[in-house]
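Understanding the architecture of this molecule
Listed here are the chains, written in short residue letters.
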Amino acid sequence: GQQLNQSPQSMFIQEGEDVSMNCTSSSIFNTWLWYKQDPGEGPVLLIALYKAGELTSNGRLTAQFGITRKDSFLNISASIPSDVGIYFCAGPPKTSYDKVIFGPGTSLSVIP
Amino acid sequence: DTGVSQNPRHKITKRGQNVTFRCDPISEHNRLYWYRQTLGQGPEFLTYFQNEAQLEKSRLLSDRFSAERPKGSFSTLEIQRTEQGDSAMYLCASSLGASGGTDTQYFGPGTRLTVL
């Protein structure tokens with residue numbers, strides 16, 4: 001079945017540093033979603049991308065929809081302690097817009 | 001609070017017992033989804049409803065699992081004869097039901113199930 005891969009699996013960075021993470025798929029996606037999950041909570045949508053090549057920002061977060069439609073990138077600039085959490089990429093598979101599949105996540109730790 | 005709510009937040013049960021979780025979606029959201037999340041993994045789709053109709057079920061949803069949304073508002077997920085492998089976070093999400101892959105799902109805080 002369709003599967004999403006995320007890298008890196010985990011990151012430890014100093015406060016103030018920029019962060020980059022990516023998500024890849026073996027098949028084409030028409031929508032890419034980036035969620036953040038805090039411990040003990042449900043995922044919260046950060047950015048949604050609907051068009052190949054699209055670059056979208058949400059505050060210090062910027063995400064890009066890869067031109068091949070098989071990848072997406074999330075960047076966080078000037079990280080702060082509250083950026084700690086797990087970041088998931090997700091998207092509806094081409095065969096079904098009605099459900100969303102998630103990657104395994106990138107765990108981010110920010111050292112003050 | 002107008003977000004998705006789930007009850008209970010935590011449930012500890014003994015193997016073999018039945019458990020039921022409730023999800024209240026954002027009002028006026030037509031679609032309601034159930035996901036399961038285990039440690040170190042992303043959420044996995046279980047099933048979803050369009051109003052009161054259950055439209056799709058994952059292979060993960062064994063015969064011991066049943067979900068209902070009787071009036072098209074809140075939903076319940078029941079697990080019968082729980083097994084230790086059922087221990088996970090059960091997440092509910094709702095959406096308006098927009099077409100074309102632009103539908104946005106909003107998640108609740110989840111119910112963490114521990115089966116002893």
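Further up the page is the structure itself.
For every chain, the first residue of the written sequence is number 1, and numbering continues from 1 along that sequence. In the order they appear in the text, chains get letters beginning with A and ligands get numbers beginning with 1. The predicted origin of the model limits local features to residues at a pLDDT of at least 70 and limits the giving and counting of side-chain atom pairs to 80 or more, whereas totals for whole chains, interfaces and linings rest on all residues. Side-chain numbers here rest on the full set of heavy atoms in the structure, without hydrogens or water.

1. Here we look at the environment of B:Tyr90
Residues and elements named next belong to chain B.
- The residue Tyr90 is located in strand S9 (residues 88-95) in this model.
- Partly exposed residues are those whose accessible area sits between 20% and 50% of the maximum for their type, while under 20% is buried and over 50% is exposed, using a 1.4 Å probe and protein chains only. The exposure class of Tyr90 is buried, given its relative accessible area of 0%.
- Residues Tyr90 and Arg112 lie 22 residues apart in sequence; the distance between their C-alpha atoms is 6.3 Å.
- The contact criterion used throughout is that any non-hydrogen atoms of two residues lie within 4.5 Å. In this structure, Tyr90 is in contact with Gln6, Phe21, Tyr35, Arg36, Leu46, Phe65, Leu77, Ile79, Gly110, Thr111 and Leu113, ignoring residues within four places of it in sequence. A run of H or I in DSSP becomes a helix once it reaches four residues, and a run of E becomes a strand once it reaches two; helices and strands are each numbered from the N terminus.

2. Here's the deal with the nonpolar core
- What we call a nonpolar core is a set of buried Ala, Val, Leu, Ile, Met, Phe, Trp, Tyr and Cys residues that are connected through their side-chain atoms within 4.5 Å. Judged by nonpolar contacts, the single largest core of 22 residues is most densely connected at A:Trp32, A:Trp34, A:Leu74 and A:Leu108.
- Among the secondary structure elements, those contributing two or more residues to this core are strand S2 (10-14), strand S3 (19-25), strand S4 (32-37), strand S5 (44-49), strand S7 (61-65), strand S8 (71-76), strand S9 (85-91) and strand S11 (106-111) of chain A.

3. Points about the state of the cysteines
- Pairs of cysteine sulfur atoms within 2.5 Å are what we label disulfides. Taken as a whole and judged by the stated rule, the model has two disulfides over all chains.
- In this model A:Cys23 forms its disulfide with A:Cys89; the gap between the sulfur atoms is 1.9 Å. Disulfide A:Cys23-A:Cys89: the torsion about the S-S bond is 60°, which places it as right-handed. On the criterion of sequence distance, the pair formed by A:Cys23 in strand S3 and A:Cys89 in strand S9 is long-range, its members being 66 residues apart. Of the two residues, A:Cys23 and A:Cys89, neither departs from the other in class, the shared state being buried.
- The disulfide bridge from B:Cys23 ends at B:Cys92, spanning 1.8 Å between sulfur atoms. The S-S bond linking B:Cys23 to B:Cys92 shows a torsion near -65°; that makes this disulfide left-handed. Here B:Cys92 lies in strand S9 and B:Cys23 lies in strand S3 (residues 19-24), a separation of 69 residues in the sequence.
- Under the relative-accessibility criterion, B:Cys23 is labelled buried at 0%.

4. Some remarks on the pattern of salt bridges
Residue and element names in this part refer to chain B.
- Any carboxyl oxygen of Asp or Glu within 4 Å of a side-chain nitrogen of Lys or Arg constitutes a salt bridge here. By the definition in use, this model includes six salt bridges over all chains.
- We note a salt bridge from Glu83 to Arg64, for which the minimum N-O separation is 3.4 Å. Of this pair, Glu83 sits in the loop between strand S8 (75-79) and S9 while Arg64 sits in the loop between strand S6 (53-57) and strand S7 (65-68), and the two are 19 residues apart along the sequence.
- A relative accessible area of 41% places Glu83 in the partly exposed class.
- Exposure remark for Arg64: the relative accessible area of 12% places this residue in the buried category.
- When salt bridges that share partners are traced, they join Arg64, Glu83 and Asp86 into one network.

5. Notes on the packing of aromatic side chains
- Each Phe, Tyr or Trp ring (for Trp, its six-membered ring) is paired with any other whose centre lies within 6.5 Å, and the angle between the two planes then decides the class: stacked below 30 degrees, edge-to-face above 60, tilted in between. Applying the stated criterion across every chain, the model contains 14 aromatic pairs over all chains.
- Summarising the aromatic geometry, the rings of A:Phe88 and A:Phe102 are spaced 6.2 Å apart at their centres and angled 85° between planes, so their arrangement reads as edge-to-face. Linking A:Phe88 in strand S9 with A:Phe102 in strand S10 (residues 101-102), this pair joins segments that are 14 residues apart in sequence.
- On the basis of an interplanar angle of 45° and a centroid distance of 5.3 Å, the ring pair of B:Tyr35 and B:Phe107 is categorised as tilted. Remark: B:Phe107 occurs in strand S10 (residues 106-107) and B:Tyr35 occurs in strand S4 (residues 31-37); sequence separation between them is 72 residues.

6. Digging into the side chain of B:Gln6
Residue and element names in this part refer to chain B.
- Here Gln6 is to be found in strand S1 (residues 5-7).
- Throughout this description, a polar contact denotes any pair of N or O atoms lying within 3.5 Å of each other; where both atoms belong to protein, one of them has to be capable of donating a hydrogen while the other can accept it, and for residues adjacent in sequence the pair is counted only when both atoms sit in side chains. Separated by 2.9 Å, the side chain of Gln6 and the backbone nitrogen of Gly110 make a polar contact.
- Ignoring sequence-local partners within four residues, the contact set of Gln6 consists of Arg22, Cys23, Trp34, Tyr90, Leu91, Cys92, Gly108, Pro109, Gly110 and Thr111.

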